[in-house]
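Notes for the structure review
As a plain string of letters, each chain reads:
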Amino acid sequence: MPEALGVPEARGAADVAGAAGLPRGAVVGPFSGPRAAWGEHLERAAERYGTAVNWELYDDRGEAETARQIAEAVVAEGRHALVVGHFNSAGAAAALPVYRAAGLPVLLPLATVPGLLADGAGTLLRWCPDDRAQAVDLLAALRDAGHTRVAVTHDGSLYGERLALLVRDASAVAPRPALPSGAVVSDGSGPATGAVPVPAALAGELAGVPVLDGPGDPAALTALVVCGTHVGAARAARAWREAGFRGGFWFTDDCAVDEFAALLGEPAPGGASVARMRGGPEAHVDAAFAAATAALSEDPGRTGRSLLAAVRAHADRGFTALGEPEPGSVGWDFVPVPVPVPAPAGAAAPRGAGRHGRAYDVIVVGAGVVGSATAAALARRGARVALVAPMDGRQDHATAWSGGLVRSFEADPYLRALALRSHQLAWGPAALAPGPYGFMTTGSLVLCGDDDLEQAEKGVAELNGAGVTAELLDPGALGARFPGLSVDGVTAAVWEPRAGYADPPRTARVYRDCALAHGARLLPARVRELDAPPGADRVRVLLEPGGPVEARAVVLAAGGGTGEIAGHRLSGADAGRNKSIRYGFFHHPATAGLPTVVDLVSGVWGRPQLSGEAAGGYMAGRPVDEWDVAPGGEATLTDAHVAYIREGAAVRWPWLADPATRFLGGRRGVDLYTPHSRPHLGRERPGSRIVLATGWSGAGFKTAPGAAELAATETLEVLSEP
């Protein structure tokens, strides 16, 4: 069953290539964390309009710094026609200059801060009303409801304070009800003249929350406007209610989500209303996606201002020259907060709910080829997956520096089984053409000594039995067929004529794109700690930047970064040791016709470079005794490094000792090596919700598809448990 878990194989790879042929759009929003209820609007629209545009979801968790990092990564990738989202206005303000500098169009269906488009340079369209209009419409609704004694407070967040000040400023020019004259903001150090005092119930957690001017007795108020996030506003309102407030609550728009009623609890005697974008936020999100999809379907090659003009033409509303919705086309309604329906006794909390916002089913830590392939397998099976990796431009994962050697034979039977399964899932069909992985057929030799001969004979039989052509060559046949190769000390060699190498970063992108096409989210961050108490039904993942996020399972595919992450069995030195891998590209006439070579006798390896940088050269690598190095790599070698490779690898390729051999360039990478040279693959311990897929000891690339299948299978078992 090659596609049992959806790891791309012959047909799956073609599907990915087809998806990659669609125009791409980036969708940025809070898909986890406290604001995740708003991200669900974007998720649903991306799914509805995903047949004509490949919408890729980036989780900013409602955090401004994360939003900026995502913008920089999206621009650097250069693959997206436009961006939709950025619910959080502070995040939008941080990200928009990045998009503007790149000329990348942005559609804002939910960001409401006034003035956001002032420096948009014609690259932005806002689909929703702004908060200044919300303040004006709020005062009108209070007037129409007959309220005359009104105060305004907020939840202590900068967002809530900004909204409260907008309401105060609007009251200065609005007809009644106006806030009392001389309104001031309490700094929390003591009662300000005429300010509504902070209720005693607010002492402690909410002590010092600024309150705008109003009558002095909470019990005398007919209405209280509460500005802030839906979590913070509900908390503040509960405190005011406990302090004796009996008037009507009026909440700003962040509270217009389904879960707010449950957070608020019992309604106040005076009722509770909430601001909602006219028609509902879902309608504005849907309209933005519909217009973008229509414009890209009409001409997938459109970009920049041309694309934005087409979006305008397909939109269901008009826009000003600046990109704001035309006056009167959007506005604010004020609707009752529904009475929460109590859950049946003994009912479990919703599966997605968590202490820190909506939880993921699975968080995959690491976006190299193993992590990306695992995320793709899980997303294709319907799991809600986040692929967590930094988006700061650093190439810390081993995939970025891998030589990409692909074959089915391994002397270790366990690794051989993984390599054969990977051939069935990916490399065998890919060998028919370069395909999505950039596969190049060179043939592969594994040179064996006396100690390796038994496994070589078994391996050749297993490979042929599995449909992989292989034969065992003796030294005489080797020397005759490959004159540029020395066979000193070689007992036999396993020859696979259809093996070769692939492009590792390209392969990781294929799997990542497959994951995104099936609804996985990218979460740009570094993981610092996993908190998985025994018996808990969630793993709490501590991110940097950002706060915690929860998942029902975690796949740890962090390679050389595994030991730096606290809270699991492999934290610290138990993971193994990071080791440098170093190789160079060389040119000499004797390399003509040489295949990929892995030498179990001397430890050297090499392959031809058939395209791209150093095309026509031959890659040669030699083991180095450099341990406990930081993850990452570099695309340079020193003269001493090159001399070291030449000296040791010349045992197998004598032409390396020829002064006429030209050095074309080189690389250094890092991988996590285990004491037993086998990966950590499976649950970290019985009953754990952490699945390990790390510690490849330099052999991870060719076995990644099979390893990802096993990791995904184990993770699905975790998800099936209570």
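Counting from 1, residues in each chain are numbered in the order their sequence is written. Restriction of local features to residues with pLDDT of at least 70 applies here, the model being predicted, together with a cutoff of 80 or more for giving and counting side-chain atom pairs; totals for whole chains, interfaces and linings are based on all residues. Side-chain numbers here rest on the full set of heavy atoms in the structure, without hydrogens or water.

Digging into the environment of F585
Secondary structure elements are taken from DSSP: a helix is a run of H or I of four residues or more, a strand is a run of E of two residues or more, and numbering for both begins at the N terminus. Mapped onto the elements of the fold, F585 is located in strand β23 (residues 577-587). A simple rule labels every residue: compare its accessible area, found with a 1.4 Å probe on the protein chains alone, to the largest value its type can have, and call it buried under 20%, exposed over 50%, or partly exposed in between. Judged by its relative accessible area of 9%, F585 falls in the buried class. Between the C-alpha atom of F585 and that of R662, which follows or precedes it by 77 residues, the distance is 8.5 Å. The criterion used for residue contact is that any of the two residues' heavy atoms lie within 4.5 Å. Setting aside its immediate chain neighbours within four residues, F585 contacts Q609, A614, Y618, M619, R662, F663, L664 and G665.

With respect to unusual backbone geometry
Even without being a glycine, A614 presents a positive backbone phi close to 70 degrees. Secondary-structure assignment places A614 in the loop between β25 (605-608) and β26 (618-621). By relative accessible area, which is 16% here, A614 ends up buried. Although it is not a glycine, S697 sits at a positive phi angle of roughly 50 degrees. Inspection of the secondary structure puts S697 in the loop between β29 (690-694) and α17 (700-720).

Topic: the packing of helix α2 (residues 36-48) against helix α9 (residues 281-298)
Axes here mean lines fitted to C-alpha atoms, for a helix over just the part in contact, with angles spanning 0 to 180 degrees between N-to-C directions. Contact geometry for α2 and α9: axes closest at 9 Å, N-to-C directions at 40 degrees. Relative to α9, α2 is oriented so that their crossing is right-handed. Here α2 contributes W38, H41, L42, R44, A45, A46 and R48 to the contact with α9, which in turn contributes P281, E282, V285, D286 and F289. By residue class, the composition of the contact of α2 with α9 is seven nonpolar, one polar and four charged. Should the near helix be turned anticlockwise from the far one by less than a right angle, the crossing is termed left-handed; should it be turned clockwise, right-handed. Residues are sorted three ways: Asp, Glu, Lys and Arg are charged, Ala, Val, Leu, Ile, Met, Phe, Trp, Tyr, Cys and Pro are nonpolar, and all the rest, Gly among them, are polar.

Some words on the sheet that holds strand β6 (residues 150-154)
A pair of strands is treated as paired once DSSP finds two or more bridges between them. Spatially, β6-β7-β8-β9-β10 is the arrangement adopted by the five strands of the open sheet, whose pairing is mixed. Each edge of the open sheet carries a strand with a single partner, namely β6 and β10 (332-336). Between one strand and the next, the sheet's axes are offset by a mean angle of 25 degrees, whatever the strand orientation. As judged from the five bridges shared by strand β9 (residues 272-277) and β10, these two strands associate in the antiparallel manner. Bridged to M277 within β10 is W332. Against the sheet, helix α7 (residues 230-242) touches β6, β7 (223-227) and β8 (248-251), its axis set at about 165 degrees to β8.

Thoughts on the nonpolar core
Residues grouped as a nonpolar core are buried Ala, Val, Leu, Ile, Met, Phe, Trp, Tyr and Cys residues, joined through side-chain atoms within 4.5 Å. Grouped together as the largest cluster of nonpolar side chains are 81 residues, with contacts concentrated most on W55, L107, W127, F249, F251, F289 and I363. Residue contributions to this core peak at eight residues, all from α9. Aside from chain neighbours lying at most four places away, what touches W55 is G25, V27, A46, Y49, G50, L82, V84, F289, A292, T293 and L516. With 63 residues, the next largest nonpolar core counts I70, L96, V369 and V510 among its residues.

Brief notes about the side chain of T562
Counting through the fold element by element, T562 comes out in the loop between β22 (548-556) and β23. Looking at T562, its side chain comes within polar contact range of the main-chain oxygen of G559, at 2.7 Å. Setting aside anything within four residues of it in sequence, one finds T562 in contact with L556, H568, L570, A575, L672 and T694. Nitrogen and oxygen atoms within 3.5 Å of one another constitute a polar contact, given that in protein one can donate a hydrogen and the other can accept it, and given that sequence-neighbouring residues count only through two side-chain atoms.

A short note on the packing of helix α11 (residues 369-380) against helix α15 (residues 504-517)
A pair of packed helices is captured by two measures, namely the crossing angle of their axes and the spacing between those axes. At a minimum axis separation of 8 Å, α11 and α15 run at an interaxial angle of 25 degrees. When the interaxial angle is binned, α11 and α15 end up roughly parallel. Here the hand of the crossing between α11 and α15 comes out left-handed. Of the residues in α15, those in contact with V369, S372, A373, A375, A376, A379 and R380 of α11 are T507, A508, Y511, R512, C514 and A515. Roughly parallel covers angles under 35 degrees, roughly antiparallel covers those over 145, roughly perpendicular covers 65 to 115, and oblique covers all other angles.

Regarding the pattern of salt bridges
We define a salt bridge as a side-chain nitrogen of Lys or Arg found within 4 Å of a carboxyl oxygen belonging to Asp or Glu. The final tally for this structure, using the stated rule, is 40 salt bridges. A salt bridge links R44 to E40; its shortest N-O distance comes to 3.6 Å. With R44 and E40 both in helix α2 and four residues apart, this pair spans about one turn of that helix. In this structure E40 comes out as partly exposed when scored by relative accessible area, which is 26%. Between E709 and R421 there is a salt bridge, with the nearest N and O atoms lying 2.6 Å from each other. Of the two residues, E709 is situated in helix α17 and R421 in helix α12 (residues 413-430); the sequence distance between them amounts to 288 residues. A single burial state applies to E709 and to R421, both of which are buried. The network of salt bridges with shared partners includes R24, E56, E77, R79, R512 and D513.

A short note on the sheet that holds strand β27 (residues 662-673)
The strand order across the open sheet formed by eight strands is β16-β17-β15-β24-β25-β26-β23-β27, and the pairing between neighbours is mixed. Only two strands of the sheet have a single neighbouring strand rather than two, namely β16 (471-473) and β27. For this sheet, the mean angle separating the axes of adjacent strands, direction not counted, is 20 degrees. Sitting on the sheet, helix α16 (residues 639-649) touches β23, β26 and β27, and the angle it makes with β23 is about 80 degrees.

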